[in-house]
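Residues per chain are reported as follows:
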Amino acid sequence: GQTVRLADYRRTDFVLRGVDMTLKLFEGRTEVLTRLSLERRPGAPANAALELDGDELILESIAVDGAILEPGRYDATPESLSVTGLPETGPFELAIETRIAPEDNTKLMGLYRSNGIWCTQCEAEGFRRITYFLDRPDVLAPYRVRIEADRAAAPVLLSNGNPVESGDLGDGRHFAVWDDPFNKPSYLFAVVAGDLDALRDTFLTMSGRTVELGIYTEKGRARQAAYAMDALKRSMAWDERRFGREYDLDVFNVVAIADFNMGAMENKGLNVFNHKYVLLDPDIATDADYAGVETVIAHEYFHNWTGNRITCRDWFQLCLKEGLTVYRDQEFSADERERTVQRIGSVRRLKAHQFPEDQGPLQHPVRPGEYREINNFYTATVYDKGAEVVRMIATLLGEADFRKGMDLYFERHDGEAATIEDFVACFEQAGAVDLSQFALWYAQAGTPTLTVTEAWDPQERRHTVRLRQSLAPGAARTGTEPMVLPIRFGLVGGNGEERRAEGRVAGGARLDGDLIVLDGREATVTFAGLSDRPYLSVLRDFSAPVTLEHDQAEADRLALARLDRNLFNRWRALDDLLSGGLTRAARRPLGDTAPSLDGAVVDALLASAGDEELDPAFRGQVLTLPGEAEIARQLGEGVDPDRVHAVVEDARAVIGRKGLSTFARLAAAEGSDVPFTPDAASAGRRALANAALAYLAAARNDPAEVAARYRSAGNMTDRIAALAILGHRFPQSDASEEALADFYRRYETDELVLDKWFALQATAPFHDALAAVERLAGHPRFTMRNPNRVRALVGSFAASNQVAFHRPDGAGYRFVAEKLVALDRINPQIAARIATTFRAWRSFEAGRRAKLEETLRQIAETKGLSKDLGDIVDRSLK
Ligand code: B3K
Ligand code: ZN
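Quick caveat: nothing in here was measured; it's all calculated off a predicted structure.

A. Representation of the overall build of the chain in the model. Regarding its fold elements, the chain presents 27 helices and 32 strands. Here the chain has a C-alpha radius of gyration of 28 Å; the compact-globule value for 878 residues is 29 Å, and the two agree. By its C-alpha atoms, the chain is 90 × 65 × 60 Å across when sized along the principal axes. Buried residues in the chain amount to 52% of all 878 residues.

B. Examining the site of ligand 1 more closely. The full set of residues close to ligand 1 is E123, A124, M262, A264, M265, E266, H299, E300, H303, E322, N375 and Y378. Both of domain 2 (196-275) and domain 3 (311-439) provide at least three residues apiece to the shell around ligand 1.

C. Seen up close, the sheet that holds strand β19 (residues 251-257). Strand order in the open sheet formed by five strands is β17-β18-β19-β21-β20, and the pairing between neighbours is mixed. Two strands bound the open sheet, and with one partner strand each, they are β17 (197-204) and β20 (264-265). With five bridges connecting them, β19 and strand β21 (residues 270-274) associate as parallel partners. Bridge pairing in β21 places A256 opposite F273.

D. Inspection of the environment of S159 at higher detail. Structurally, the position occupied by S159 is in strand β13 (residues 156-159). Counting along the chain gives 32 residues from S159 to V191, while the straight-line C-alpha distance between them is 4.5 Å. Among all residues touching S159, those that are not within four sequence positions of it are V145, I147, W178, A190, V191 and L270.

E. The arrangement of the domain arrangement of the chain in detail. Split into domains, the chain comes out as domain 1 (14-195), domain 2 (196-275), domain 3 (311-439), domain 4 (449-544) and domain 5 (748-878). One C-alpha centre belongs to domain 1, the other to domain 4, and the line joining them spans 56 Å.

F. Region of the structure containing the UniProt feature "domain: Peptidase M1 membrane alanine aminopeptidase" (unreviewed entry) in the chain. According to UniProt, the "domain: Peptidase M1 membrane alanine aminopeptidase" (unreviewed entry) feature falls on residues 227-438. Across residues 227-438, helical content stands at 55% and strand content at 9%; the span's end C-alpha atoms are separated by 40 Å.

G. Summary view of the nonpolar core. With 262 residues, the main nonpolar core has V192 and A228 as its most contacted residues. Among the elements that line this core, the one with the most residues is helix α16 (residues 680-700), at 13 residues. Leaving out residues up to four positions away in the same chain, A228 has contacts with I215, V254, V278, V293 and I297.

H. How the structure looks around the sheet that holds strand β16 (residues 191-194). Reading across the sheet, the four strands line up as β10-β11-β16-β13 and stay open at both edges, with antiparallel pairing between neighbours. Of all strands in the sheet, those bounded by a partner on one side alone are β10 (110-114) and β13. The average undirected angle you get between the axes of adjacent strands in this sheet is 20 degrees. Where β10 and strand β11 (residues 117-121) come together, five bridges link them in antiparallel fashion.

I. The pairing of β21, seen in detail. A large share of β21 lies buried, amounting to five of its five residues. Bridge count for β20 against β21 is two bridges, and the pairing is antiparallel. The residue bridging A264 from the neighbouring strand is F273, located in β21. The hairpin formed by β20 and β21 contains four residues between the paired strands, and G269 there has a positive phi angle of roughly 70 degrees.

Cut-offs and rules
- Residues numbered from 1 in each chain as written.
- Chains lettered and ligands numbered in written order.
- Predicted model: local features only at pLDDT ≥ 70, side-chain atom pairs only at ≥ 80, totals over all residues.
- Helix = DSSP H or I, 4+ residues; strand = E, 2+ residues; numbered from the N terminus.
- Rg over C-alpha atoms; globule rule 2.2 N^0.38 Å.
- Buried ≥ 20, exposed ≤ 12 C-beta atoms within 10 Å, placed from the backbone.
- Near = placed C-beta within 6 Å.
- Domains from an automatic or database assignment.
- Pairing = 2+ DSSP bridges.
- Contact = placed C-beta atoms within 7 Å.
- UniProt positions renumbered as here; feature names shortened; annotations may be inferred.
- Core = buried A, V, L, I, M, F, W, Y, C linked by C-beta atoms within 7 Å.
- Axes fitted to C-alpha atoms, helices over the stretch in contact; angles between N-to-C directions.

Structure representation (structure tokens):
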């Protein structure tokens with residue numbers, strides 16, 4: 001595979017003015033006729049050939065301005081079409097006919113069929129699997145699309161834009177024409193055709209236009225789109241309120257598809273979704289599923305402005321739309337739900353996915369400088385760190401100037417394909433600031449370390465805070481210059497009051513209210529005139545995506561866990577105490593029976609969990625221990641996953657026993673008699689009750705009460721919570737086997753719930769879980785063709801079963817490698833994604849490390865490996 005470099009960017013020699021397509025859908029084949037209105041770009045070489053991209057295409061015919069081209073005028077391969085002798089000036093029309101077979105398309109890129117439904121996925125480079133094209137995001141045009149199909153097979157025919165015409169063709173066939181007047185790149189093209197049900201609604205925009213909304217589902221499931229529709233309308237209203245952004249077409253359609261490579265896709269006016277992010281009801285979906293639907297619906301809708309109206313000049317700029325849109329969906333969820341709890345969730349996610357990526361061989365900057373396969377760069381770094389970078393701009397500028405910068409961005413670049421430089425320049429102007437050093441966040445890979453030390457001077461009544469930043473040179477080799485770190489802080493008094501104190505800065509920082517902006521390698525801030533020593537609450541709300549090394553005394557952390565008015569930091573004080581204790585315990589030799597956690601830490605945890613003044617969702621977060629993978633990441637080297645698991649399990653049992661009465665009360669608080677509503681407050685109460693149930697089970701080791709809970713559950717959240725405890729804590733017990741069998745019987749007709757059943761067994765933390773997973777891989781309902789199913793079984797085993805995947809005998813690695821090589825022939829994108837779980841191989845103890853490396857090498861040496869999987873394993877081994 002060839003490496004593509006940002007430095008090599010240049011514009012096309014031809015300008016595209018418009019696209020007119022006809023897709024004739026038949027069983028087994030689809031005929032595609034594309035008419036491109038083109039013109040040589042002024043200044044482009046007069047003899048330059050037109051070079052179009054293709055991927056597994058067959059050219060049927062080609063004509064310029066109606067005249068069929070002689071074979072000497074063009075050169076067509078499955079991957080490219082080059083045309084010479086085109087007019088030096090003035091517009092011309094190029095007509096191309098291709099023939100494709102969506103039925104055989106298992107990569108799920110381009111046009112394919114899912115349960116008989118024709119649908120498309122074009123980002124990043126899927127459009128070239130439909131027709132030869134200038135398939136790159138800086139080529140924008142209006143599209144007119146005509147779809148023809150059998151009326152019985154496909155009564156519904158959808159594409160981007162507004163519907164303009166439809167009618168009968170005789171012979172049982174019919175057609176529809178869609179017109180999208182907005183300039184768009186090919187990756188936002190979409191077509192859907194099939195026998196679908198729809199849930200319909202309308203939205204009245206702020207300027208008084210009525211938009212027709214439709215969510216299309218497989219037959220009989222439209223009512224399960226009700227929550228998605230509600231989330232869509234709330235998203236539309238929020239974007240008007242918060243960013244002044246109004247929807248622009250007459251219709252907005254969403255289609256739920258069973259076979260889909262990712263969560264969803266923001267095609268202009270026609271979002272296509274993995275049905276997992278549309279279909280819900282309390283019996284089949286958990287609170288997390290509801291939150292996921294809300295987030296993804298919002299995210300894709302918000303792309304209409306950040307991504308579609310303003311798109312990316314090239315794929316290196318991916319974070320321009322993705323980081324920004326994640327920031328926007330996170331703000332939406334914070335406004336719609338509870339801000340602190342949302343922030344805790346986002347930070348957990350960042351640390352679980354982005355930090356390990358940024359600290360290992362797959363490290364890359366938020367704006368990468370090169371790629372072999374762009375699909376491998378839809379990463380936590382581009383999305384989640386990209387969102388953190390936008391959040392830091394908002395923090396540095398303040399709300400009003402941030403909004404001014406966004407307004408300027410929309411005004412200045414609407415209809416364009418923009419760059420990160422364009423984006424940053426808008427905030428420089430709006431805030432009258434220089435962001436050139438700040439822009440290093442886009443260029444330098446790696447997680448900066450922020451080291452904080454404190455010194456209290458009792459004579460002078462001064463508190464001195466010393467801050468240092470450093471960046472380790474990592475795999476990406478992108479520089480280690482000091483960055484701009486916005487550090488929100490507070491000085492907390494003995495009763496939790498916020499202390500006001502004059503601060504003086506020395507070194508590379510400035511002080512701006514409750515913000516220290518560290519832009520040098522180090523600085524000190526001295527706070528004077530304090531009556532006594534304050535507790536330093538630093539990096540509030542995780543105001544910069546850094547590793548914080550704060551040499552804070554345990555007593556201070558315990559005080560902040562009780563007192564901090566900043567609830568995020570109150571949670572983090574506990575989380576740091578927990579992960580610190582667990583990490584230290586995991587470093588001790590096997591057989592060392594000293595408790596994982598100090599009594600005082602356990603007491604503090606229980607005090608927060610039992611504090612009725614606090615939001616239940618927050619208390620649920622408090623009870624969620626750092627995951628085993630997170631402990632492993634913090635250990636950094638010599639990791640023994642069995643040891644980590646034992647330490648976490650021990651902590652859970654200790655906490656459970658000490659908090660028995662609290663947990664019994666909390667677990668009983670949310671009985672099955674409480675009717676289900678999906679709102680955040682109710683979800684928070686369920687999260688707290690189910691966390692309590694897990695501690696009770698750890699303490700009492702009694703499956704019976706969990707089994708009773710499973711049977712009496714009134715919704716999927718409670719049912720799967722109980723089932724997970726049974727399956728993970730009491731594997732192979734009668735209680736667990738019965739419940740798993742019952743669950744299967746109840747839900748075997750629902751693919752989405754079956755995914756939960758597969759995933760739950762794949763993540764049981766026992767060496768023997770591998771045998772179950774191998775058995776499940778032969779289960780009649782397992783298939784490599786459905787990405788959700790593969791992710792549920794193979795993906796979650798590799799990513800979320802630290803114990804069985806990392807079996808010391810290497811059998812877990814071999815199983816996954818074998819599946820990946822087979823999957824690679826069917827769907828390379830999914831294979832590559834799952835393969836990223838091998839990237840941390842260097843951090844394990846010698847035995848596992850050698851086996852991981854050997855497995856990676858074996859995959860790398862496989863003949864005929866895809867570019868997708870090859871790229872991941874090669875970079876992982878670097
Ligand atoms: N933009 C799509 C992701 C496309 C992934 C292509 N491999 C969904 C999203 O981020 O909204
Ligand atoms: Zn996105």
